[in-house]
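One-letter residues, chain by chain:
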Amino acid sequence: MKLSVKDLSSRYSSIKGPVYAVEDVDFVLKDGESIGIAGESACGKSTLGLSIIRMLSGGKVQGENFLDDESILELSEPDFDSKYRWKKISMIFQGAMNSLDPVFTVKNQFEEVLKQHNFQGNFDKTIKDAINSVSLDEIVLKKYPHELSGGMKQRVVIAMALLLKPKFVIADEPTTALDVLIQAQIVNLLKKLKKDGMSFMLITHDLAVLSEIADKIGIMYGGQMVEFGSSFEIYKNPKHPYTQGLLKSIPTLRGDAPTYIKGIPPSLLEPPTECRFIERCPLAIEKCKKLPPKFETKTGYVQCWLYEDEKLSN
Ligand SMILES: Nc1ncnc2c1ncn2[C@@H]1O[C@H](COP(=O)(O)OP(=O)(O)O)[C@@H](O)[C@H]1O
Ligand code: SF4
Ligand SMILES: [Mg+2]
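The notes below deal with the structure included here. Computed from a predicted model, the values in this text were never measured in an experiment. (Residues numbered from 1 in each chain as written. Chains lettered and ligands numbered in written order. Predicted model: local features only at pLDDT ≥ 70, side-chain atom pairs only at ≥ 80, totals over all residues.)

Looking now at helix H9 (residues 241-248). Residues lying three or four places apart along an α-helix face the same way, a consequence of the helix completing one turn every 3.6 residues. For H9, the full list of buried residues reads Pro 241, Tyr 242, Thr 243 and Leu 246. Looking at the buried side of H9, the elements it contacts are strand E3 (35-38), helix H7 (207-210), strand E9 (216-221), strand E10 (224-230) and helix H8 (231-236). (Buried ≥ 20, exposed ≤ 12 C-beta atoms within 10 Å, placed from the backbone. Helix = DSSP H or I, 4+ residues; strand = E, 2+ residues; numbered from the N terminus. Contact = placed C-beta atoms within 7 Å.)

And the structure:
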């Protein structure tokens with residue numbers, strides 16, 4: 001499934017005023033491609049995922065979002081629900097493994113999801129297929145959430161998102177809060193699912209996790225996607241000073257000490273009119289007092305004045 005997001009902006013209303021959580025995000029994924037979304041906390045990653053699947057509560061979304069060639073933001077709620085949501089595109093919500101209902105078995109919870117979606121096929125077979133696809137034994141279906149380890153719970157919520165066999169899954173921080181070994185198992189599981197034909201939008205604050213799954217990477221900072229491109233280019237030749245900082249903050253096997261970006265991201269209540277990274281940027285120049293536009297790169301774009309001269313950008 002092709003996904004084209006254009007000028008997507010999402011805003012929440014809060015008692016302190018509007019929160020500009022996502023602003024003017026653009027990217028295109030070809031059929032079968034997966035994207036990794038990385039950036040610090042509160043920079044708009046979850047909001048972007050929720051906006052794409054039209055599940056943003058307390059917020060408004062503007063812009064364009066095409067699945068294949070259909071503009072899904074224009075579809076009525078029942079049309080989007082019957083045609084796309086969970087069937088073609090689904091989401092593993094941030095922290096979902098902690099929201100499994102403690103009083104129902106895993107099987108009951110799967111059945112409930114199928115009922116909610118008015119599923120007309122064979123419940124048992126569909127549930128078994130989903131649980132097998134995440135490499136869990138069917139015995140898990142009889143268990144209650146408290147009887148499962150963290151890794152098993154995360155597999156269960158992944159299986160839930162796969163129940164109606166979507167082609168594209170938005171996975172919001174599926175490895176956060178798991179220990180390192182379990183994280184690696186979940187990453188391997190996502191890799192296996194990708195091999196089986198699934199595409200992902202994998203959201204994480206940990207850029208290292210993305211290298212194995214993402215064909216494309218989008219770096220979010222202060223509500224904007226400040227760099228987008230092929231994951232090969234972003235790892236080999238990161239352009240935005242923030243992307244460079246994020247990559248330097250990953251510990252390496254060689255034992256090089258990671259360096260961290262000093263400071264904190266700007267508030268999205270009243271985001272600055274200058275480059276949003278200016279306060280933390282080691283390369284800021286006078287021009288950065290104006291918000292930079294997106295400059296085209298070999299495989300995407302970068303929102304930074306340093307690449308105004310096209311020859312420099314490639
Ligand atoms: N329901 C909401 N109402 C108001 N502000 C929100 C709501 N959800 C998130 N925000 C704000 O929107 C911004 C982006 O949040 P989020 O998308 O959750 O970031 P991330 O997933 O990158 O941590 C943050 O400033 C956050 O405080
Ligand atoms: S536009 Fe300026 S302040 Fe912003 S990231 Fe680029 S160099 Fe740094
Ligand atoms: Mg989040």
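From this point on, the discussion continues.
Surrounding ligand 2, one finds 14 residues, the nearest of these being Cys 275, Cys 281, Ala 284, Cys 288 and Cys 304. Looking at the shell around ligand 2 residue by residue, the class counts come to 13 nonpolar, one polar and no charged. (Near = placed C-beta within 6 Å. Nonpolar A, V, L, I, M, F, W, Y, C, P; charged D, E, K, R; others polar.)

What follows concerns the nonpolar core. Grouped together as the largest cluster of nonpolar side chains are 77 residues, with contacts concentrated most on Ala 159, Leu 202 and Ile 219. Counting contributing residues per domain, this core is built from domain 1 (3-77 + 171-185 + 192-313) and domain 2 (97-165), each supplying no fewer than three. Discounting chain neighbours no more than four positions away, the residues touching Ala 159 are Ala 130, Ile 131, Ser 133, Val 134 and Leu 136. (Core = buried A, V, L, I, M, F, W, Y, C linked by C-beta atoms within 7 Å. Domains from an automatic or database assignment.)

Let's shift gears to the site of ligand 1. For ligand 1, the set of nearby residues contains 13 residues, the closest of which are Tyr 12, Ala 21, Lys 45, Ser 46 and Thr 47. Of all the elements in the fold, those that place two or more residues in the shell around ligand 1 are strand E1 (3-14), strand E2 (17-29) and helix H1 (45-52). Ranked by residue count, the leading element in the shell around ligand 1 is H1, at three residues.

Glancing now at the pairing of E9. Each regular strand carries side chains that alternate between the two faces of the sheet. Burial analysis of E9 places six of its six residues in the buried class, the great majority of the element. As paired elements, E3 and E9 share four bridges and run parallel to each other. Residue pairing in the sheet places Gly 36 in a bridge with Ile 217 of E9. Bridge analysis of E9 against E10 gives six bridges, and the strand direction is antiparallel. Note that in E10 the partner of Ile 217 across the bridge is Gly 229. Between E9 and E10, which pair antiparallel and follow one another directly, the connecting turn spans two residues, one of which, Gly 222, has a positive phi of 55°. (Pairing = 2+ DSSP bridges.)

Attention now goes to unusual backbone geometry. We note that Asp 24 has phi near 50°; this positive angle belongs to a residue other than glycine. By secondary structure assignment, the location of Asp 24 is in strand E2. Classification of Asp 24 as partly exposed rests on a count of 16 C-beta atoms within 10 Å. We note that Trp 86 has phi near 75°; this positive angle belongs to a residue other than glycine. Position of Trp 86 relative to the elements: it lies in the loop between helix H2 (77-83) and strand E6 (89-92). For Trp 86, a count of 21 C-beta atoms within 10 Å puts it in the buried group.

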